[in-house]
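# Summary of the model geometry
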Amino acid sequence: MIYRQLFSLDTSRVQAHLRILQTTDLHLHLMPYDYFTDLPAPGIGLGRTAGLIRACRRQAPNCLLFDNGDFLQGNPLSDWIAQDSGFGPGDLHPMIAAMNALGYDGGTLGNHEFNYGLDFLERAIARAGFPIVSANITRGAARDPATDPTFIAPWAVLTREITAADGQRYPLRIGIIGFAPPQLADWDRHHLEGRVGTHDIVHAAQAHLPALRAAGADLVVALCHSGIGEEHHAPGMENAAVPLAALPGIDVVLAGHTHGLFPGPGFDGADRAGPAVDPAGGTLHGKPAVMAGQFGSHLGVVDLLLDRQGDAWVPVAHATRLARVDDAATDCDPTVRATAQAAHDAVLARIRKPVGQTPVPLHNHFALIAPDLTLQILADAQRAHAIVALAGTDSADLPLLSAVAPFRVGGRGSPAQYIDIPAGPLLMRHVAEFYPFPNLVSIVAVSGAGLSDWLERAAGQFLQIAPGVTDQPLIDPEFPCYNFDVMDGLTYEIDPTQPARHLADGRLSDPQAQRVRDIRWQGRPVAADQMFAVVTNGYRAGGGGFFEAVRQAPVLHQSQVSVRELVVAHFARGDNTAHDARPVWRFASHPGTAAWVDIGPGARACLPAPAGLVRIGPGAEGLDRYSLRF
Ligand code: MN
Ligand code: MG
């Protein structure tokens, strides 16, 4: 048996091998298929992970399978089910059907579970044949983590019989407790306000763990839809897996949310390695931990050696690893295929539907370093909607701006993923490339001072560069691309030689810092007290991405229309006639200064490149490296 290779057993004692398997951030990837490119994607999909699950189970009769959340949203299939399929009360969601069929033992909710609203979520999880737990999401406002009613059960104790090394069967009680980033209450504020609240992850754990242990759990597995971030606890932190692991009462941490890989050389946080985080040994504070990437690309495997002590089991040794889907193979698990086939076929028909035409190729390879036509199309689509929405209101006369950010611009885990659409027919799948999220449209009122802070936060995308230096990186890899808001309707200059006002996680670093200058509206400088209406998405309007200036901004209008529907309408009207992007923003000029940026190989065919940009050689992860002169 596999455990004899992993552990040295004490044959004088009763000991048993328990294997725990993790999927996380599946984002409704059932079939190994990419609905954005309309091509097979053998490296992803629960239909591929299922092969790993079955192989791992064959090696280990005592095996449990958990999911870490973000399973209901994330691709055109999820949108079709939630918004177009007529999914109603009592219906069986294909993802839940697949998880039931694969015999999941437990799960938790991720932040994206809330994207389609509470009614949809509650319908979907009602049919789960396994407990789904979350300890830090409350039903109603969050006041006290110890006494607030939780949205779903905070924890569960699973009772199983396991076979020990002596061949005898023994009972095992496994506690599971779930957590999600508390920011989700802001990120889906229009769905959740007044209905669902959140607590800090560590505070909720401290409030609920005593009852869970008292319920007789031999060991407790934290289903932590939160990443491996800072070592020290800060209330409300988004990525709290490390301080969570430090708590007594937690034995195993299954982490997620950041779509990273842990353990292993692929762990993108070597700077945090130390006693708290051991990417080689696969532990957080000495406790076994895994994070299995995204979309079913990997399966987390935690092997435990349990020692029988009285009536209880105590974990005495562990080994953790990630198994990767073999992307040289293409088979799809028949169980998963059976649950997904009908929805898959419906989505294929949908994504191939024509919605309009584009006179020029549409791509966003340079969206992080120059004004971009795809962002302008988004901005125009939002603006057209906002004009109608505000007509006849007190806000109709406010100057109207449109805030947009790029989503598919390479980045962690998907270096070659960009918008790349040839001239000619525009299909539904292209719209999904433009806007992969089901965000609704919001309009907020912001002052000139607020706009300045909004843009300073967005300009945190750039690392501070040194004048006169020519070999230095420009983009902060920790900064999510979807927080690089471009404010269409203004013109402004960004100077990355100046320090950033905010840290990558949004905290204020230097209130005096100013990188964004010469902010103008209709050619005139914007005054600090001048008021604007800004159309954006509900995620940003709720303060998502730690845009404090936006979070505090009054909402002028909350639409029930998704940004993506606006893009469809924009294309259908034929409003996308522009060939070039308007010069919304520019970098400050610094002769003799340059910095490098890595861009996908598809950019080579996208000419002309922005002024001052030259390809200089290979970059990281199969990308090309470009030098940009300032
Ligand atoms: Mn996710
Ligand atoms: Mg998440």
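Here, the structure is the one placed above.
Before going into details, it helps to say that this report is about the structure given with it. (Residues numbered from 1 in each chain as written. Chains lettered and ligands numbered in written order. Predicted model: local features only at pLDDT ≥ 70, side-chain atom pairs only at ≥ 80, totals over all residues. Heavy atoms only, no water.)

### A word on the overall build of the chain
- A count of helices and strands for the chain gives 16 helices and 34 strands.
- Relative to the 2.2 N^0.38 estimate, which gives 25 Å for 630 residues, the radius of gyration of the chain is 25 Å and therefore close to what a compact globule would have.
- The C-alpha extent of the chain, read off along each of the three principal axes, is 80 × 50 × 50 Å.
- Counting over 630 residues, the chain shows a buried share of 60%.
- In the chain, once contacts between residues fewer than 6 apart in sequence are set aside, the share between residues at least 24 apart is 77%.
- Counting every atom, the chain has about 23600 Å² of accessible surface; 53% of that belongs to carbon and sulfur.
- Side-chain charges in the chain split into 47 positive and 63 negative, and the spacing between the mean points of these groups amounts to 3 Å. (Helix = DSSP H or I, 4+ residues; strand = E, 2+ residues; numbered from the N terminus. Rg over C-alpha atoms; globule rule 2.2 N^0.38 Å. Buried < 20%, exposed > 50% of the residue type's maximum accessible area, 1.4 Å probe, protein only. Contact = heavy atoms within 4.5 Å. Areas by Shrake-Rupley, 256 points an atom, 1.4 Å probe, with all protein chains shown as cover. Lys, Arg positive; Asp, Glu negative; His and termini not counted. Charge placed at Lys NZ, Arg CZ, Asp CG, Glu CD.)

### Some thoughts on the pairing of strand β4 (residues 63–67)
- Here β4 lies mainly inside the structure; 5 of its 5 residues are buried.
- Alternating residues of β4 divide into Cys63, Leu65 and Asp67 and Leu64 and Phe66, and every residue in both groups is buried.
- Of the strand pairs in this sheet, strand β1 (residues 15–23) and β4 are connected by 5 bridges, and their pairing is parallel. Looking at the pairing, Ile20 lines up with Leu64 of β4.
- In the sheet, β4 pairs with strand β5 (residues 106–108) via 2 bridges, with the strands oriented parallel. The residue of β5 that forms the bridge with Phe66 is Gly106. (Pairing = 2+ DSSP bridges.)

### Re the sheet that holds strand β6 (residues 132–133)
- Here we have 6 strands laid out as an open sheet, ordered β6-β5-β4-β1-β17-β18, and mixed in their pairing. In this open sheet, the two edge strands, each paired with only one partner strand, are β6 and β18 (312–324).
- One ladder, built from 8 bridges, connects β1 with strand β17 (residues 298–309); its direction is antiparallel. Counted as the bridge partner of His17 is Leu305 from β17.
- Strand contacts of helix α2 (residues 46–59): β1, β4, β17 and β18, with the helix running at about 180° to β1, the strand carrying the most contacts. (Axes fitted to C-alpha atoms, helices over the stretch in contact; angles between N-to-C directions.)

### Quick word on the pattern of salt bridges
- In total, this model carries 29 salt bridges according to the counting rule given.
- Note that Asp303 and Arg19 form a salt bridge whose closest N and O atoms lie 2.7 Å from each other. Of this pair, Asp303 sits in strand β17 while Arg19 is found in strand β1, placing the two residues 284 residues apart along the sequence.
- Assessed through its relative accessible area of 2%, Asp303 is described here as buried.
- The partner of Arg350 in a salt bridge is Asp84, and the shortest N-O contact between them spans 3.6 Å. With Arg350 in helix α10 (residues 334–351) and Asp84 in helix α3 (residues 76–84), the pair connects residues that are 266 residues apart, well separated along the chain.
- It is possible to trace a salt-bridge network through shared partners that takes in Glu493, Asp495, Arg517, Asp518, Arg520 and Arg586. (Salt bridge = Lys/Arg side-chain N within 4 Å of Asp/Glu carboxyl O.)

### Here we look at the nonpolar core
- Of all hydrophobic cores here, the largest spans 79 residues; its most connected members are Trp454, Leu474, Met487, Leu490, Tyr492 and Val534.
- A total of 9 residues in this core trace back to one element, the largest contributor, which is helix α11 (residues 373–390).
- Apart from residues no more than four positions distant in its own chain, Val534 is found in contact with Leu401, Ala403, Ser442, Ile443, Val444, Val446, Leu451, Trp454 and Met487. (Core = buried A, V, L, I, M, F, W, Y, C linked by side-chain atoms within 4.5 Å.)

### Things to note about the coordination of the magnesium ion (ligand 2)
- Within the protein, Asp70 (OD), Asn111 (OD1), His225 (NE2) and His257 (ND1) serve as the donor atoms for the magnesium ion (ligand 2), at 2.1 to 2.3 Å.
- Coordination of the magnesium ion (ligand 2) draws on donor residues from a single chain, spaced D-x40-N-x113-H-x31-H in sequence. (Donors = N, O, S within 2.8 Å, 3.2 Å for Na, K, Ca; no water.)

### Remarks on the sheet that holds strand β32 (residues 594–599)
- Strand order across the open sheet formed by 3 strands is β32-β34-β33, with antiparallel pairing between neighbours. Each having just a single partner strand, β32 and β33 (613–618) make up the two edges of the open sheet. Strand-to-strand twist across the sheet, computed as the mean angle between neighbouring axes with direction ignored, equals 30°.
- Pairing between β32 and strand β34 (residues 624–629): 6 bridges, direction antiparallel. If you follow Asp598 over to β34, its bridge partner there is Arg625.

### So, the coordination of the manganese ion (ligand 1)
- Every protein donor of the manganese ion (ligand 1) is listed here as Asp25 (OD), His27 (NE2), Asp70 (OD) and His259 (NE2), and their distances to the metal cover 2.1 to 2.3 Å.
- Sequence positions of the donors to the manganese ion (ligand 1) reduce to the motif D-x1-H-x42-D-x188-H.
- Distance-wise, the magnesium ion (ligand 2) is placed 3.3 Å from the manganese ion (ligand 1), both being coordinated by Asp70. Placement of the pair is Asp25 in the loop between β1 and β2 (33–34) and His259 in the loop between β12 (252–255) and β13 (261–262), with a sequence separation of 234 residues.
- In this structure His259 comes out as partly exposed when scored by relative accessible area, which is 23%.

### Points about the pairing of β17
- Among the 12 residues of β17, 11 are classified as buried, and the element is accordingly described as predominantly covered.
- Of the pairings in the sheet, the one linking β17 to β18 comprises 12 bridges and is antiparallel in character. Note that in β18 the partner of Leu299 across the bridge is Ala323.
- Linking β17 to β18, which pair antiparallel, is a turn of 2 residues; within it Gly310 sits at a positive phi near 65°.

### Some points on the packing of aromatic side chains
- Per the stated rule, a full pass over the model turns up 19 aromatic pairs.
- Ring centres 5.4 Å apart and planes at 50° place the aromatic pair Tyr33 and Tyr35 in the tilted group.
- Classification of Tyr35 by relative accessible area gives buried; the value is 2%.
- Look at Trp187 and Tyr539: their rings are 5.9 Å apart centre to centre, the planes differ by 40°, and that puts the pair in the tilted class. Within this pair, whereas Trp187 is found in helix α6 (residues 184–187), its partner Tyr539 is found in helix α14 (residues 538–541), the two being separated by 352 residues in sequence.
- Trp187 gets classed as buried once you look at its relative accessible area, which sits at 9%. (Phe/Tyr/Trp six-rings, centres within 6.5 Å; stacked < 30°, edge-to-face > 60°.)

### Quick notes on α2
- Spanning 14 residues, α2 covers 20 Å between terminal C-alpha atoms, matching the ideal 20 Å at 1.5 Å per step.
- Three or more residues of α2 are buried, namely Leu46, Gly47, Arg48, Thr49, Ala50, Leu52, Ile53 and Cys56.
- Contacts from the buried residues of α2 go to β1, β4, α4 (94–102), β17, β18 and α10. (Expected span 1.5 Å × (residues − 1).)

### Points about the packing of α2 against α4
- One way to put it is that α2 packs onto α4 with a least axis distance of 12 Å and a crossing angle of 15°. In terms of axis orientation, α2 runs roughly parallel to α4. Our pair here, α2 against α4, has a crossing hand that is right-handed. When α2 is examined against α4, the residues Leu46, Ala50, Ile53, Arg54 and Arg57 are found in contact with a partner set consisting of Met95, Ala98 and Leu102.
- Classifying every residue of the contact of α2 with α4 gives 6 nonpolar, no polar and 2 charged. (Parallel < 35°, antiparallel > 145°, perpendicular 65-115°, else oblique. Left-handed = near helix turned anticlockwise from the far one by under 90°. Nonpolar A, V, L, I, M, F, W, Y, C, P; charged D, E, K, R; others polar.)

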